[in-house]
Amino acid sequence: MQMRILIDADACPVTKIAERIAEKENIPLIIYCDVNHIMKSEYGKVITCDAGADSVDLKLINESKKGDIIITQDYGVAALALGKGAHPIHQSGKIYSDGNIEGLLHDRHLGKKMRNSSKKTHLKGPKKRTEADDKNFETALINLINRINTSL
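For clarity, every value in this text was computed on a predicted model and none was experimentally measured.

Cut-offs and rules
Residues numbered from 1 in each chain as written. Predicted model: local features only at pLDDT ≥ 70, side-chain atom pairs only at ≥ 80, totals over all residues. Heavy atoms only, no water. Helix = DSSP H or I, 4+ residues; strand = E, 2+ residues; numbered from the N terminus. Buried < 20%, exposed > 50% of the residue type's maximum accessible area, 1.4 Å probe, protein only. Contact = heavy atoms within 4.5 Å. Pairing = 2+ DSSP bridges. Axes fitted to C-alpha atoms, helices over the stretch in contact; angles between N-to-C directions. Left-handed = near helix turned anticlockwise from the far one by under 90°. Nonpolar A, V, L, I, M, F, W, Y, C, P; charged D, E, K, R; others polar. Phe/Tyr/Trp six-rings, centres within 6.5 Å; stacked < 30°, edge-to-face > 60°. Expected span 1.5 Å × (residues − 1). pLDDT = per-residue confidence, 0-100.

Could you give an account of the overall build of the protein chain, naming the residues involved and the relevant values?
Summing up its helical and strand segments, the protein chain has five helices and five strands in all. For the protein chain, the N- to C-terminal ordering of α and β elements is β-α-β-β-α-β-α-β-α-α. By the burial criterion, 41% of the 152 residues in the protein chain qualify as buried. Contacts in the protein chain between residues at least 24 apart in sequence constitute 49% of all its contacts with a sequence separation of at least 6.

In structure tokens form, the structure reads like this:
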């Protein structure tokens, strides 16, 4: 079973970092995006999906396999990846696991309820990404690859 790196690439700020690491480690890379995001890769394969809610997520999960690394910020995708025996990682470097996914999904549900009940039309978004964020992701991805390789 060969490990692959699959990226939920719509609005993903770490695609180039993951591509560089995948190429260095000789790991196949597949980048999933919708028609509204034009992606190119010097190393990996780009799969463009129809626009629409969850089209990229469903394609990525349907094509994922046990042992794959899945880069996503979507907790639902991460939960489905865990169920398939894949290794999901957030763009921040957080490793999703059976031990933390339930709490993350619960927090997402509560946040959605708050947004739906709020009279505000716009809630504050995430803070601006920094070089330290990129370094944290890079370190976490390399550590995850090494951990998977030593368990094979």
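Before we move on, could you go through the sheet that holds strand 1 (residues 5-8) and cite the residues and values that matter?
With respect to topology, five strands assemble into an open sheet ordered 3-2-1-4-5, the strand pairing being parallel. Looking at which strands have only one partner, the edges of the open sheet turn out to be strand 3 (45-49) and strand 5 (87-89). Between one strand axis and the next, the sheet turns through 20° on average, direction left out of account. As defined by bridge partners, strand 2 (residues 29-34) adjoins strand 3 across five bridges and the pair is classed as parallel. What sits directly across from Ile 31, in strand 3, is Val 46.

Please give an account of the packing of helix 1 (residues 15-25) against helix 5 (residues 131-151) that cites residues and values.
In contact at an axis separation of 10 Å, helix 1 and helix 5 are set at 35° when each is read in the N-to-C sense. The handedness of the crossing between helix 1 and helix 5 is right-handed. Note on element contacts: helix 5 touches helix 1 through Asp 134, Phe 137, Glu 138, Leu 141, Ile 142 and Ile 145, opposite Ile 17, Ala 18, Arg 20 and Ile 21. Within the contact of helix 1 with helix 5, the residues separate by chemical class into seven nonpolar, no polar and three charged.

Give me the lowdown on the packing of aromatic side chains, citing residues and values where you can.
Applying the stated criterion across every chain yields a total of one aromatic pair. For the ring pair Tyr 75 and Tyr 96, a centre distance of 5.9 Å and an interplane angle of 70° mean the geometry is edge-to-face. Of this pair, Tyr 75 sits in helix 3 (residues 75-83) while Tyr 96 sits in the loop between strand 5 and helix 4 (101-117), and the two are 21 residues apart along the sequence. Tyr 96 gets classed as buried once you look at its relative accessible area, which sits at 3%.

Explain helix 5 to me, using residue names and the numbers behind them.
With 21 residues, helix 5 extends 30 Å between its outermost C-alpha atoms, agreeing within 8% with the 30 Å of an ideal straight helix rising 1.5 Å per residue. Buried within helix 5 we find Asp 133, Phe 137, Glu 138, Ala 140, Leu 141, Leu 144, Ile 145 and Ile 148.

Any details on unusual backbone geometry? Residues and values, ideally.
The phi dihedral of Ala 11 falls on the positive side, at around 60°, and the residue is not glycine. Turning to its location among the elements, Ala 11 is positioned in the loop between strand 1 and helix 1. With phi around 60°, Asn 26 is a residue other than glycine that occupies positive phi space. Judged by relative accessible area, Asn 26 falls into the exposed class, the value being 58%.

Lay out the confidence of the model for the protein chain with the relevant residues and their values.
This prediction gives the protein chain a mean pLDDT of 88; 83% of its residues lie at or above 70. Within the protein chain, no element has a lower average pLDDT than helix 4, which sits at 63, and none a higher one than strand 4 (residues 69-71), at 98.

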